[in-house]
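Architecture and fold: a report
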Amino acid sequence: MKEEMDVLEQTIGSEYKYGFVTDIETETVPKGINESIVRLISKKKNEPEWMLNWRLKAFAHWIKMEEPQWPNVTYPPINFQDIIYYAAPKKKKALNGLDEVDPELLKTFEKLGISINEQKRLTGVAVDVVMDSVSVATSFKKQLAEVGIIFCSMSEAIQNHPELVQKYIGSVVPMTDNYFAALNSAVFTDGSFCYIPKGVRCPMELSTYFRINTENSGQFERTLIVAEEESYVSYLEGCTAPKRDENQLHAAVVELVAHRKAEIKYSTVQNWYPGDANGAGGIYNFVTKRGICMGEYAKISWSQVETGSAITWKYPSVILKGDHSVGEFYSVALTNHLQQADTGTKMIHIGKNTRSRIVSKGISAGRSQNSYRGLVRVGKNAINARNFSQCDSLLLGDQCGAHTFPYIEAAHPSAVIEHEATTSKIGEDQLFYCRQRGIDTEAAVALIVTGFAKEVMNQLPMEFAVEAQKLLAISLEGSVG
Amino acid sequence: MAILQTAYIEEKFDTLQSSHPNVLLNEVRQKGFQTYQNVGIPSYKNEEWRYTPVSNLFKQSYSFSEKVSTINQASVDAFRLPDSATANELVFVNGLYNPLLSNIRSAANEMVIISMEEAANDIRFSDILKEHLGKSSLYLQDGIHALNTSFINGGVFVYVPKKVQVALPLYIYHIADTVQNPVLAQPRSLIYLAESAELKLVETYKTAGSSDSFTNEVMEVVVAGNAVFEYYKLQNDIAVANQVNTTHIRQIGKSYVHTVVVTLDGGMVRNNTNIIMETPGNEAHMYGLYLLKGNTHADNHTLVDNREPHCFSNELYKGVMDDATTGVFSGKIYVRPQAQKINAYQSNKNILLSEKASVNTKPQLEIFADDVKCSHGCTIGRLDEEALFYLRSRGIDAAQAKAMLLQAFANDVIEKIKIESLREHIETLIVNRLSVQIS
Amino acid sequence: MLSIQNIHAAIEGKEILKGINLDIQPGEVHAIMGPNGSGKSTLASVLAGREEYEVTEGSIEFLGKNMLELSPEERAREGLFLAFQYPVEIPGVSTTNFIKSALNEKRKYHGLEPLDAVAFLKLMKEKMQLVEIDKALLTRSVNEGFSGGEKKKNEIFQMAMLEPKLTILDETDSGLDIDALRIVASGVNKLRSKDNAIIVITHYQRLLDYLQPDFVHVLYKGRIVKSGTKELALTLEDQGYDYIKEEFGATTI
């Protein structure tokens, strides 16, 4: 039994607690974007020529593209010349180990509750930490290397494993895929890279913690996970940012490749600063996440709890290419105040006997807008494809909106697809029943919301589930009058 | 990108405008034409037309709004619906209302049926036209809809006065005469049910000739308080008969609307069925069946816009796609911020029978109010193998068993047809279809 | 422990209770009977603190506190328990978790440490036997998909867990078959003590056969028109409410 109430007790009354700024020396490049900035970023990272060329190609494509207008979100135009595309904590020399990491930085991550310190080894989670644009520390590298797993920053991977990076980068999300993916491909600064060799079951959870710190900077990380045949990995991603009055852009790309019988489980607790109650500040979270089940019996599972960001625009997707492959998407998206979320998934069934499952729970409060947008496509040759989708929305308050835009396309008669969606609110009678039992309104709302989201929460690894529940409770604050 | 044959449309428009001096209609047409010119024929990039390539229909030119036709009473006889002798029958030929071929059997005080031009010049009705004609443009802003509005001409106005419950159903036959050349027919009608009025309306479509027909129809219906409107549409035309049909129903008083749309045959068929609930407490039931064979492409777009509180809507659309057919369903439920206590349900169920058939469905909920109960569900699947086996184990052969199950599947919609003779007629069509299909 | 003085209450401007007086001491069981629409459930709602009901006059003292100043949850934590006539379904929230939340909120209010999982489970096991409730029900969402009898048993189980000072059974007998009624009633009887009191709101005699109230009050048109011992309930059962209506109908309009 999970300690829901204990968690709530701790957290009710607190607000966005990750809003501090770390006072740390950073190295930045000038604001704005042009070809020389792209070259500069590549040079700072001492990249091989193929990488630079790849970036330049993406940049050339990006300047010809237009920002997408179709999502159900509104925001003032982004001035892409007013963003710092590279900000890195300054380091005097190459680090030999965690002991040499700037103590300010370690303090930051301790405040965030992240165990990059060896002393927290007991939690058994290997962490890669990305601050602003660069990976600052990766733990448990050695232990992972013993079983052949590569877990490092993208920059290191480009230096040390160029053949793997070159083979897979852009193979799932092409640089031309969409506006923000193209931008990311041009200016991405770091991210995590993870390679699980054939037959290896990753012995611990791998985790990346993303943090935007520097003012006016954007974060453009790129994550690539490759699971070779019959391997397994569970990967966690967490995100926070300081409170600032200006909006900051986060345009990441995540690519997952699962070969025959491999399984990748990717969990996200996204808690970027959502802006204040009046909608000032907050992160624009425009992210492209996609996985491909290359081989037969491969499985990719996305779980996400989205409580942060002023605007979320993200559709973690699975291309089910291998026969008998499986794609899953479990999502809780909570919006409060003036937050906007347009999120969902795409399940593209190509192989035979492929299966997908979508469970999306949207919670809207305040004056927020929460949209589910999903696509289930069954191709001409996708014999015996199966999909089940459940999209539920819960409304708290009368000024928010819940929207459901599922697209279902079937081109083979053997497809079996079921989609269900409901929209409801927390009833007055439910609240009164709770109160008569001594549970006050705020706790009752949290209890009901947690119950509503349970099916998704159960998919998260334990450590994340607790954090995610706390987040839901915090994010709901002030949503009931 | 194919070159669309639309240049002649402008010329036709100018001719029409100069030949019909009524100010009111001229203005509505002018507005429509402006929209048409601004937005043009929608491509697949237009979200509302994503799955229906309507621009393909403009790869050829059509003759339209032309009165020359050989259609006579005898040719209408071939298309009549059952019990037509006890119905009011309106006949449109190539999109133009033809009073001579029509039979109005209800008394004049029960129902007024006049041409749009007459209505615009009649002081009893000109205000109604002014207020309601073209209101659907607020919701449908694409070039196809605008094209119809640009050519409002030879349309019909139907008025049911207060408290009149019209006993006889109103049948509307749309006939496209394509013996000479391809025809673009653009029928337009405005139906007004005053307070406590009741009307049952049935539309059906036939192409006489073997050239392509393209019927681009707009029917606007206004339903006042306490009125009851039943609407049935039967589409069972030939394979070169294409249609875009808009039925835009506005409930301007607490009223009851019931619609059933049945698509059995045709070329590219698109139905927009919109229900706009403009006052509190409205109720609407919407049903649809698309049972397709050959190459038919049937697209049903529905919209229920809950603008006010305490409205109820229930929607069920079912489809069976065989051969190389395509079924499309897009259902939108809007609940506006002030529209609390809404109950809105929507369900779309599809069966694919063939490797070449496909279905695209897009059920959407857009909810801006909190005290609502809304749900939608959609399924795509095959016939229930268990049920099939069960029937076969009782000695029924596979083909027969399949037909029985498909009939049962269709029946959930067909049983909602409240005009008995029409229901039986459609049942027979379906039984024949299924038995032919199976052998 | 409870003192109701001249309570008038209205909903949407319509006065339902027109001056109720009632005193309840620890250990007592009071039955409140009356025909439909007499204000029985309104009284329960006013005591529990439903906000739709406006108290326009009078006072309620509960364990020395002005009850009307307390929120519904504070009343609950003070020891008031309402067994709902129509228990509410809360999808997604497990019954166990719900009761644990309620219990620990109450403990916190009284300055006690929350019960840990082990102690809670032990308590739960003990109380489960008391009211003969199926363990499987407790893992399901609160009241979701429960039968009428299961819902009422769940109410009594919650009562057992929360150990209230004052329990109001609002038509707990309605919709129960005889077996369920017996189980519910015996559960309530086991929970009776000299320290707590019970108000039984009912339309019929059959629950009272099991509970044996100390006092019976007849509520009619918003007032208590007759009070007596358990024999009064038998008279009512015998003669129906018509005689009350005849006796008081004319004078109380």
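All figures in this text were calculated on a predicted structure; none of them were measured in a lab. (Residues numbered from 1 in each chain as written. Chains lettered and ligands numbered in written order. Predicted model: local features only at pLDDT ≥ 70, side-chain atom pairs only at ≥ 80, totals over all residues. Heavy atoms only, no water.)

1. Remarks on the interface of chain B and chain A
At the junction of the two partners, chain B supplies 35 residues and chain A supplies 34 residues. For the pair chain B and chain A, the summed buried area comes to about 2700 Å², and 48% of that belongs to carbon and sulfur atoms. Our enumeration of links across chain B and chain A arrives at one salt bridge. Applying the counting rule to chain B against chain A returns 14 residue pairs in polar contact (both at pLDDT 80 or more). Of the residues belonging to the side of chain B that touches chain A, the class tally is 14 nonpolar, 11 polar and 10 charged. When strand 22 (residues 401–410) of chain A meets strand 20 (residues 358–367) of chain B, the two strands line up antiparallel, connected through six bridges. Across the sheet, A:Thr404 pairs through a bridge with B:Leu365, a residue of strand 20 of chain B. (Contact = heavy atoms within 4.5 Å. Buried area = accessible area lost by both parts, 1.4 Å probe. Salt bridge = Lys/Arg side-chain N within 4 Å of Asp/Glu carboxyl O. Polar contact = N/O pair within 3.5 Å; in protein donor to acceptor, adjacent residues only side chain to side chain. Nonpolar A, V, L, I, M, F, W, Y, C, P; charged D, E, K, R; others polar. Pairing = 2+ DSSP bridges. Helix = DSSP H or I, 4+ residues; strand = E, 2+ residues; numbered from the N terminus.)

2. Looking at the nonpolar core
The biggest cluster of nonpolar side chains holds 115 residues, and the ones touching the most others in it are A:Val449, C:Leu2, C:Ile4, C:Leu47, C:Phe98, C:Phe157 and C:Ile199. Considering each element in turn, this core owes the most residues, 10 residues, to helix 10 (residues 441–457) of chain A. In this view, C:Phe98 contacts A:Tyr433, A:Cys434, A:Arg437, A:Ile439, A:Leu447, C:Ile90, C:Val93, C:Val142 and C:Gln158; residues no more than four positions away in its chain are not counted. The next biggest cluster of nonpolar side chains, apart from the first, holds 97 residues, and it includes A:Leu144, A:Cys194, A:Trp302 and B:Ala298. (Core = buried A, V, L, I, M, F, W, Y, C linked by side-chain atoms within 4.5 Å. Buried < 20%, exposed > 50% of the residue type's maximum accessible area, 1.4 Å probe, protein only.)

3. Looking at the pairing of strand 13 (residues 282–293) of chain A
Residue and element names in this part refer to chain A. Here strand 13 lies mainly inside the structure; 12 of its 12 residues are buried. Here strand 10 (residues 247–250) runs beside strand 13; their pairing, made up of four bridges, is parallel. Looking at strand 13, one finds that Asn247 is bridged to Gly282. Bridge analysis of strand 13 against strand 15 (residues 311–314) gives four bridges, and the strand direction is parallel. By the bridge assignment for strand 15, Asn285 is matched with Thr312. Bridge count for strand 13 against strand 16 (residues 317–320) is four bridges, and the pairing is parallel. Counterpart to Gly291 in the pairing with strand 16 is Val318.

4. A word on the confidence of the model for chain A
Residue and element names in this part refer to chain A. When pLDDT is averaged along chain A, the result is 82, and 80% of the positions lie at 70 or above. Every residue in residues 1–14 scores below 50 in pLDDT, and together they form 33 contacts with partners more than four places removed in sequence or on other chains. Below pLDDT 50 for its whole length, residues 115–124 participates in 18 contacts with residues either more than four positions away or in separate chains. (pLDDT = per-residue confidence, 0-100.)

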